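Letter by letter, the chains look like this.
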Amino acid sequence: MAIAKKVTINDVALAAGVSVSTVSLVLSGKGRISSATGERVYQAIDQLGFVRNRQAVSLRGGQTGVIGLIVGDLSSPFYAELTAGMTAALESEGKMVFLTQGGKRGEQMLQRFETLVSQGVDGVVIAGSVDQAAELRAKAAETETPLVFASRASYLDEVDIIRPDNMQAAQLVTEHLIRRGHQRIAWLGGKSSSLTRAERVGGYCSTLIKYGLPFHSEWVLECESSQKQAAEAIAGLLRHNPTISAVLCYNSVIAMGAWFGLMRAGIQSGEDSVESYYEQRVALAAFADVAENALDDLPLTWVTTPAREMGQSVAERILQRIDNVQGSIRNLIMPPRLLARK
């Protein structure tokens with residue numbers, strides 16, 4: 001005997017000729033829904049025999065205790081750490097996180113958002129860059145869903161967003177190298193299409209200009225996040241520009257590759273001396289997205305905005321937004337920290 005297919009909220013939306021979020025609004029009694037639209041939805045529910053899930057039913061009486069999290073790319077160490085920090089903070093408050101991925105380019109963010117709303121989550125966090133920010137903001141307003149963005153770069157306005165200060169981080173670490181006596185500082189890593197990289201390079205360049213130091217475009221190299229490519233890139237850079245005394249690396253993978261590249265070339269890394277008569281010494285510095293105790297124990301300077309701590313701030317903000325949906329928008333910038341190792 002054939003087993004009857006379970007009717008879903010998507011089936012109801014299709015039968016009623018409305019969106020999934022509209023069906024969710026009708027079920028929850030929220031939002032600005034006309035009586036005619038509500039009637040169509042209830043007719044579809046009756047015809048299909050749709051049984052509302054526990055979350056949708058509980059919306060009539062209050063909150064579900066479930067927070068939706070859409071991550072663009074969970075394989076990214078930054079967003080993995082952010083997710084861990086946010087989840088731990090919310091679970092300590094008795095909440096549960098419903099995690100889903102929206103695609104590395106955010107191509108599935110809208111679809112995932114509608115799915116979470118249909119499940120009756122109390123609020124949604126978007127972690128990652130997304131081109132459909134305006135549409136998501138409109139959907140959140142329509143469904144009265146608390147919404148918070150968390151991102152590595154400042155690409156949004158007029159939304160609740162928590163992000164690191166990439167420009168200040170770059171200024172902080174570049175100034176540190178300059179005060180250690182370095183005047184010929186190069187950049188290694190990242191893609192030119194990355195907004196995070198653009199903000200960091202902007203801080204690096206502005207600091208060189210501030211101190212009247214030379215900036216050469218050929219000293220700013222793109223590189224995939226690959227140790228092998230970083231090792232090859234820094235070897236080529238120093239072979240053609242032997243006067244460079246410090247290299248600022250886009251992330252920890254690039255820094256590790258650069259370290260191996262220096263070792264292979266017989267060049268020492270460190271800040272004790274910019275150069276000596278007998279040897280070339282190149283200082284390495286890098287951006288890191290993890291806590292200080294998780295950093296590689298290499299003799300280089302790190303500038304960090306721990307993503308796990310950022311996740312804890314995101315958790316705090318989404319809970320505030322759930323308690324006060326109409327509250328004022330906040331743009332929270334997480335400050336960087338410098339950690340120099342010898």
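Up top you'll find the structure we're talking about.
Quick caveat, the model's predicted, so the values are computed rather than measured. (Residues numbered from 1 in each chain as written. Predicted model: local features only at pLDDT ≥ 70, side-chain atom pairs only at ≥ 80, totals over all residues. Heavy atoms only, no water.)

1. A few points about the pairing of strand β5 (residues 161–164)
Working step 1: Taking every second residue as pointing to the same face, both faces of β5 are buried, with Ile161 and Arg163 on one and Ile162 and Pro164 on the other.
Working step 2: Sheet topology places strand β4 (residues 147–150) next to β5; 2 bridges connect them, and they run parallel. The partner of alanine 150 across the bridge, within β5, is isoleucine 162.
Working step 3: Where β5 and strand β12 (residues 331–334) come together, 4 bridges link them in parallel fashion. Along β12, the bridge assignment pairs isoleucine 162 with leucine 332. (Buried < 20%, exposed > 50% of the residue type's maximum accessible area, 1.4 Å probe, protein only. Helix = DSSP H or I, 4+ residues; strand = E, 2+ residues; numbered from the N terminus. Pairing = 2+ DSSP bridges.)

2. Notes on the nonpolar core
Working step 1: Of all hydrophobic cores here, the largest spans 29 residues; its most connected members are Leu188, Ile234, Val247, Cys249, Leu284 and Trp302.
Working step 2: Residue assignment for this core shows that the elements contributing at least two residues are β6 (185–188), α10 (227–240), β8 (246–249), α11 (252–265) and β10 (281–288).
Working step 3: When residues no more than four places from it in sequence are discounted, the contact partners of isoleucine 234 are Leu188, Val247, Ala258, Gly261, Leu262 and Leu284.
Working step 4: The next biggest cluster of nonpolar side chains, apart from the first, holds 21 residues, and it includes Val125, Ala315, Ile318 and Ile322. (Core = buried A, V, L, I, M, F, W, Y, C linked by side-chain atoms within 4.5 Å. Contact = heavy atoms within 4.5 Å.)

3. Some details on empty space enclosed by the protein
Working step 1: Inspection of every chain in the model, using the stated rule, returns 1 cavity of 30 Å³ or more.
Working step 2: By volume, the largest cavity amounts to about 60 Å³.
Working step 3: Taken together, Pro164, Asp165, Asn166, Ala169, Arg200, Phe287, Ala288, Asp289, Val303, Thr304 and Thr305 form the lining of the largest cavity.
Working step 4: Of all elements in the fold, only α8 (166–179), β10 and β11 (301–304) reach the threshold of two or more residues within the lining of the largest cavity.
Working step 5: Split into classes, the residues belonging to the lining of the largest cavity amount to 5 nonpolar, 3 polar and 3 charged. (1 Å grid on protein atoms, 1.4 Å probe; cavity = no way out; pocket = protein on both sides within 12 Å on 5 of 7 lines; lining within 4 Å. Points joined across faces, edges and corners; volume = space filled by probe spheres on them. Nonpolar A, V, L, I, M, F, W, Y, C, P; charged D, E, K, R; others polar.)

4. A word on the sheet that holds β4
Working step 1: Here 6 strands make up an open sheet; going across it, the order is β2-β1-β3-β4-β5-β12 and the pairing parallel. If you trace the sheet from one side to the other, it starts and ends with β2 (96–101) and β12, each paired once. Strand after strand, the sheet turns through a mean of 20 degrees between neighbouring axes, direction not considered.
Working step 2: Across 4 bridges, the pairing between strand β3 (residues 123–127) and β4 is parallel. In the sheet register, valine 125 faces β4, and the bridge partner there is valine 148.
Working step 3: Across the sheet, helix α7 (residues 133–143) is in contact with β3 and β4; its angle to β4 comes to roughly 155 degrees. (Axes fitted to C-alpha atoms, helices over the stretch in contact; angles between N-to-C directions.)

5. Overview of the packing of helix α1 (residues 9–16) against helix α3 (residues 35–48)
Working step 1: In the contact formed by α1 and α3, the axes pass within 9 Å of each other and the chain directions differ by 120 degrees. As far as their axial angle goes, α3 and α1 are oblique. Of the two possible hands of crossing, α1 and α3 adopt the one that is right-handed. Contact residues: Asp11, Val12, Ala15 and Ala16 in α1; Arg40, Val41, Ala44, Ile45 and Leu48 in α3.
Working step 2: Here the contact of α1 with α3 is composed, by residue class, of 7 nonpolar, no polar and 2 charged. (Parallel < 35°, antiparallel > 145°, perpendicular 65-115°, else oblique. Left-handed = near helix turned anticlockwise from the far one by under 90°.)

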